[in-house]
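The lines below spell out each chain.
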Amino acid sequence: MLKKTVKVMLGVVFLAVLVGVLNAVLLVPDLKKEGYVVAYRGGGSLVDYETLQTTGCTASSLKQSGVNTVENTREAVAASVAAGVDVVHLNVHRTRDNQLVVFHDWTLDCATDGTGPLSESDFADLEQIDAGYGYTSDGGKTFPFRNKGFRISKLSDFYALYPEQIFWLNLKNDDELSFNVLSSHLSSMSSFSRKNTTVITSSAGVRWFDVNAPEVRVASVGSVKSCGIDYLIVGWAGIVPESCKNTLLLIPPSMTNYFWGFPEQLASRMQNHGTEVYLWSKHNAVNPDLVNLISDGVGIVTSDRDFIHSAQID
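Computed from a predicted structure; not experimentally measured.

Procedures and definitions
Residues numbered from 1 in each chain as written. Predicted model: local features only at pLDDT ≥ 70, side-chain atom pairs only at ≥ 80, totals over all residues. Heavy atoms only, no water. Buried < 20%, exposed > 50% of the residue type's maximum accessible area, 1.4 Å probe, protein only. Helix = DSSP H or I, 4+ residues; strand = E, 2+ residues; numbered from the N terminus. Pairing = 2+ DSSP bridges. Contact = heavy atoms within 4.5 Å. Polar contact = N/O pair within 3.5 Å; in protein donor to acceptor, adjacent residues only side chain to side chain.

> What exactly am I supposed to notice about the pairing of strand β2 (residues 87-94) here?
Two faces belong to every sheet, and in a regular strand the side chains alternate between them. In terms of burial, β2 is a largely internal element, eight of the eight residues being buried. Neither face of β2 is open: one carries Val87, His89, Asn91 and His93, the other Val88, Leu90, Val92 and Arg94, and all of them are buried. With two bridges joining them, strand β1 (residues 37-39) and β2 adopt parallel strand pairing. Each bridged residue has a counterpart across the sheet, and for valine 38 the counterpart in β2 is valine 87. Relative to strand β5 (residues 166-171), β2 runs parallel, the two sharing six bridges. When the bridges of β5 are listed, leucine 90 appears paired with leucine 169. Sheet topology note: the β2/strand β3 (residues 100-102) ladder contains three bridges and is antiparallel. Bridge pairing in β3 links valine 92 to valine 102. In sequence, β2 turns back onto β3 through a hairpin of five residues, with asparagine 98 there showing a positive phi of about 65°.

Structure (structure tokens):
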């Protein structure tokens, strides 16, 4: 009797697995669109991540390259847009006088000639700062972006310059006032800009926007991780978990082999549930061959301007 029960249970498990695999292989929706190329931090130099582990500062951890702009500046975004990028990713802070500015670090000391936390400065002070002052690729021997006119700009400037651009806004502040200020900023923009802006925030920020500004598309590091983990568990059966609906899925290049159906079948399933899939390359150089992922529905997040340009040519 026990053996018979075990056989029945094994048979049920086998059938469930078989149905899941067949569902994953056969019932794949059509791809809705190609992947987008995202200019990480608006564009900028490639980064030596081993050096970054020691310095803790992007500005002092650059790789030598032909790039002549500083991340999160007007000049970087202009170069990325000219290269044909689809989406611009920006880091956003709220200042002491409740302005939204584009900058990455919490403090001014490493990247600029200013000092102290950015959140304790008014914008009138920030706009006088040299935003390229601390950038170096040779351990501080030379500073090629110093005194070249790079400045910290308001977020509104980028929307004014590129009214038809898609933006990802990584809100660095994690407090209700900052959520409210950004929400008010978005509500004052055109319907196109509101529709084509994604806010990347904290888990608390996601909850705040869900309640107070549900029309804003939001994601967080936590939501991306939840989607990734849940999909690793059930994706083999062609199931898109609830955590992977209407969000972003960012996959590090080293992890792609673990995501069933990558690239096209994964992308088509996610797109069918309102989610876009991206290779999360950040400030690393991208293998030119990966341009093929775009036609498979997978976007690429990078500051590699050569790749951005070649992707548009292809």
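> Got a minute to help me understand the environment of aspartate 97 in this structure?
Take aspartate 97: it is sitting in the loop between β2 and β3. By relative accessible area, which is 32% here, aspartate 97 ends up partly exposed. Between the C-alpha atom of aspartate 97 and that of valine 37, which follows or precedes it by 60 residues, the distance is 34 Å. Filtering out sequence-adjacent residues up to four positions away, aspartate 97 remains in contact with Ser121, Asp122 and Phe123. Side chain to side chain, aspartate 97 and threonine 95 meet in a polar contact 2.5 Å long. A distance of 3.3 Å separates a polar side-chain atom of aspartate 97 from the backbone nitrogen of phenylalanine 123.

Shape is all these values report; function is a separate question.
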